[in-house]
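What follows is the residue order along each chain.
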Amino acid sequence: MSTQPAFKRILLKLSGEALMGDQNFGISPSVTEFLAGEIRAVVDVGVEVALVVGGGNIFRGEGLAKAGMDRVTGDQMGMLATVINALALQDALERAGGLQARVQSAIRINEVCEDFIRRKAMRHLEKGRVVVFAAGTGNPFFTTDSAAALRAIEREADLMLKATKVDGIYSADPKKDATATKYSELSYDEALSRRLGVMDQTAMVLCRDHGMKLCVYDMDRPGALLKIICGDTTIGTRVNR
Ligand code: GTP
């Protein structure tokens, strides 16, 4: 396989749940260390890597609202949860991955991390630093998938990746339906009309309207990220306009 990257700038979306590993809650150090290694391999071939992380391993605004909490408060707690995850990733990237990393938050929390400033983020990335975008879009009612789509478009990424627990997008949930088949490629309109649940509709429409390519892949597969970046199209599912 070539180690010549087919993409120059990527945005990787990690769910909060992905950081839990085998735990029921919180952050597994072995998972963040594994991710740091996967990301390091991609940075080493000259790719600019930005991350967006969710917060579902700690708090999920929608879930809190269903339990009776005010939705905006719940979403704000969810945003703070993503900051916690972003700090854990920054630590793992710098300590285990030997990389330089910077967290930028969409809500001001200056003592803890930098504010989101697009041009500053671009400079960090040009210098080979990994930027972790935290606190979603900074607004309630928007998911971290939408934040990932927004940041990918804003920073002119040439690929957005969504790391999941399955190796791509299936016609149905493969854990519940044995007849589910995997797509190697599909369009945003197909994903939307078939309600495939890849990402929420806001995120998909944003990606579609701005021509952002998406790859959904299994984050637990060692080396998968580097292979995708180097042009291997047999891994995961690609979604295009
Ligand atoms: P250069 O401008 O390329 O030197 O980037 P840099 O990030 O190394 O320099 P800067 O002086 O901006 O930041 C030095 C350190 O302070 C880095 O670890 C930044 O993440 C951190 N830092 C910068 N701005 C803030 C901030 O507003 N809040 C917090 N908590 N840390 C910050």
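What counts, and at which threshold
- Residues numbered from 1 in each chain as written.
- Predicted model: local features only at pLDDT ≥ 70, side-chain atom pairs only at ≥ 80, totals over all residues.
- Heavy atoms only, no water.
- Near = heavy atom within 4 Å.
- Polar contact = N/O pair within 3.5 Å; in protein donor to acceptor, adjacent residues only side chain to side chain.
- Areas by Shrake-Rupley, 256 points an atom, 1.4 Å probe, with all protein chains shown as cover.
- Nonpolar A, V, L, I, M, F, W, Y, C, P; charged D, E, K, R; others polar.
- 1 Å grid on protein atoms, 1.4 Å probe; cavity = no way out; pocket = protein on both sides within 12 Å on 5 of 7 lines; lining within 4 Å.
- Points joined across faces, edges and corners; volume = space filled by probe spheres on them.
- Helix = DSSP H or I, 4+ residues; strand = E, 2+ residues; numbered from the N terminus.
- Buried < 20%, exposed > 50% of the residue type's maximum accessible area, 1.4 Å probe, protein only.
- Right-handed = clockwise from strand over helix to strand, strands pointing away.
- Pairing = 2+ DSSP bridges.

Draft legend 1. Region of interest: the site of the ligand. The environment of the ligand is made up of Arg-102, Asn-110, Glu-111, Val-112, Cys-113, Glu-114, Lys-120, His-124, Lys-127 and Arg-129. Take Lys-127: an N or O atom from its side chain is 2.2 Å from an oxygen atom of the ligand. For the ligand, an oxygen atom lies 2.9 Å from a polar atom in the side chain of Arg-129. Expressed as a share of its isolated accessible area of 620 Å², the protein-covered part of the ligand is 49%. Of the residues assigned to the shell around the ligand, the class counts are two nonpolar, two polar and six charged.

Draft legend 2. Structural view of empty space enclosed by the protein. Under the definition given, this model contains one cavity of 30 Å³ or more. Size it by volume and the largest cavity reaches roughly 40 Å³. Residue lining of the largest cavity: Phe-116, Arg-118, Ala-121, Met-122, Leu-125, Phe-133, Arg-151, Glu-154 and Arg-155, and that is the complete set. Mapped onto the lining of the largest cavity, the elements with two or more residues apiece are α4 (118-126) and α5 (144-154). In terms of residue class, the lining of the largest cavity is made up of five nonpolar, no polar and four charged.

Draft legend 3. Quick look at the layout of surface pockets. What the largest pocket holds in volume is close to 1,200 Å³. For the largest pocket, the lining is made up of 50 residues, of which Lys-13, Glu-17, Arg-60, Asp-145 and Lys-162 are closest to its centre. Secondary-structure elements contributing two or more residues to the lining of the largest pocket are β1 (9-14), α2 (61-66), α3 (71-95), α5, β6 (159-164) and β7 (169-170). For the lining of the largest pocket, the element with the highest residue contribution is α3, accounting for five residues. For the lining of the largest pocket, the class distribution of residues is 19 nonpolar, 19 polar and 12 charged.

Draft legend 4. Up close: the pairing of strand β2 (residues 48-53). Where burial is concerned, most of β2 is hidden: six out of the six residues are buried. Crossover β1 to β2 through helix α1 (residues 29-44) is right-handed. Inspection of the sheet shows β2 paired to strand β5 (residues 130-134) by three bridges, in the parallel sense. Residue Leu-51 lies in a different strand from β5, and its bridge partner there is Val-132.

Purely geometric numbers; function is a separate question.
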